Amino acid sequence: MSNVNGDANAVDGNGFISRKGTRWRIVELEWVTGLNAPKGLAMASDMCSMYRISIPWLIALDSEISNRYEAADAKFLNDVAVDAAGNVRFRYGG
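This report concerns the structure included in the present document. Numbers given to residues run from 1 along each chain, matching the order in which its sequence is written. With the structure being a predicted model, the display of local features is reserved for residues of pLDDT at least 70 and the display and counting of side-chain atom pairs for 80 or more, all residues being used for whole-chain, interface and lining totals. Water and hydrogen atoms play no part in the side-chain values, which are based on all heavy atoms of the structure.

Quick look at the pattern of salt bridges
Then step 1. One speaks of a salt bridge when a side-chain nitrogen belonging to Lys or Arg is within 4 Å of a carboxyl oxygen belonging to Asp or Glu. Overall, the coordinates contain one salt bridge when judged by the stated rule.
Then step 2. A salt bridge links Arg19 to Glu28, with the shortest nitrogen-to-oxygen separation between them at 3.5 Å.
Then step 3. Relative accessibility thresholds used throughout: buried, under 20% of the residue-type maximum; exposed, over 50%; partly exposed, between the two (1.4 Å probe, protein chains only). Residue Arg19 is classed as partly exposed on the basis of its relative accessible area of 35%.
Then step 4. Relative accessible area serves as the criterion here: at 31%, Glu28 is assigned to the partly exposed category.

In structure tokens:
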């Protein structure tokens, strides 16, 4: 679960991701921390990777941040998707 934890456009490191268990109970409130207004989620099942937006990056997560892909010219990163071929894409305004 994404927790922006402040301004949705801020590069402030306040955001974090929570892990949930069965029945939507929080297992770990601050599983991955230090993110910038995290949004969006896509899973690449064949790679067991999770992708999230953390301004100005698209981040790849396994049990921790495994990679960051910069979107330097983006005005507002909003969402991420993985297509049937496993290509990861993100949506932004600007």
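Okay, back to it.
What to know about the sheet that holds strand β3 (residues 26-35)
Then step 1. Spatially, the three strands line up as an open sheet ordered β1-β2-β3, and their pairing is antiparallel. Of all strands in the sheet, those bounded by a partner on one side alone are β1 (2-3) and β3.
Then step 2. Strand pairing is assigned whenever DSSP detects at least two bridges linking the two strands. Put simply, DSSP H or I for four residues or longer makes a helix, DSSP E for two residues or longer makes a strand, and each gets a number counted from the N terminus. In the sheet, β1 pairs with strand β2 (residues 15-20) via two bridges, with the strands oriented antiparallel. By the bridge assignment for β2, Ser2 is matched with Ile17.

Overview of the environment of Asn67
Then step 1. Relative to the assigned elements, Asn67 resides in strand β7 (residues 65-70).
Then step 2. Sequence spacing of Asn67 and Met50 is 17 residues, and the spatial spacing of their C-alpha atoms is 11 Å.
Then step 3. In this analysis, two residues are considered to be in contact whenever any of their non-hydrogen atoms come within 4.5 Å of each other. The residues touching Asn67, leaving out its near neighbours within four places in the chain, are Leu58, Ile59 and Ala60.
Then step 4. As used in this structure description, the phrase polar contact means that two N or O atoms lie within 3.5 Å; if the pair is within protein, one of them must be able to donate a hydrogen and the other to accept it, and residues adjacent in sequence are counted only when both atoms belong to side chains. Looking at Asn67, its side chain comes within polar contact range of the side chain of Tyr69, at 3.1 Å.

Some details on the layout of surface pockets
Then step 1. Lining residues are defined by having an atom within 4 Å of a point belonging to a cavity or pocket. Those points lie on a 1 Å grid over the protein atoms alone, cavities being sets where a 1.4 Å probe fits but cannot get out and pockets being open sets with protein on both sides within 12 Å along at least five of seven lines. Grid points are joined across faces, edges and corners, and a volume is the space filled by probe spheres set on the points. Roughly 180 Å³ of volume is contained in the largest pocket.
Then step 2. In terms of lining residues, the largest pocket is bounded by Met1, Ile17, Ser18, Arg19, Lys20, Trp31, Leu41, Met50 and Arg52.
Then step 3. Those elements giving two or more residues to the lining of the largest pocket turn out to be β2 and β5 (49-54).
Then step 4. Looking at the lining of the largest pocket element by element, the count peaks at four residues for β2.
Then step 5. Partitioning the lining of the largest pocket into residue classes produces five nonpolar, one polar and three charged. Note that Gly is not counted as nonpolar here; it falls among the polar residues with everything else outside the nonpolar set of Ala, Val, Leu, Ile, Met, Phe, Trp, Tyr, Cys and Pro and the charged set of Asp, Glu, Lys and Arg.

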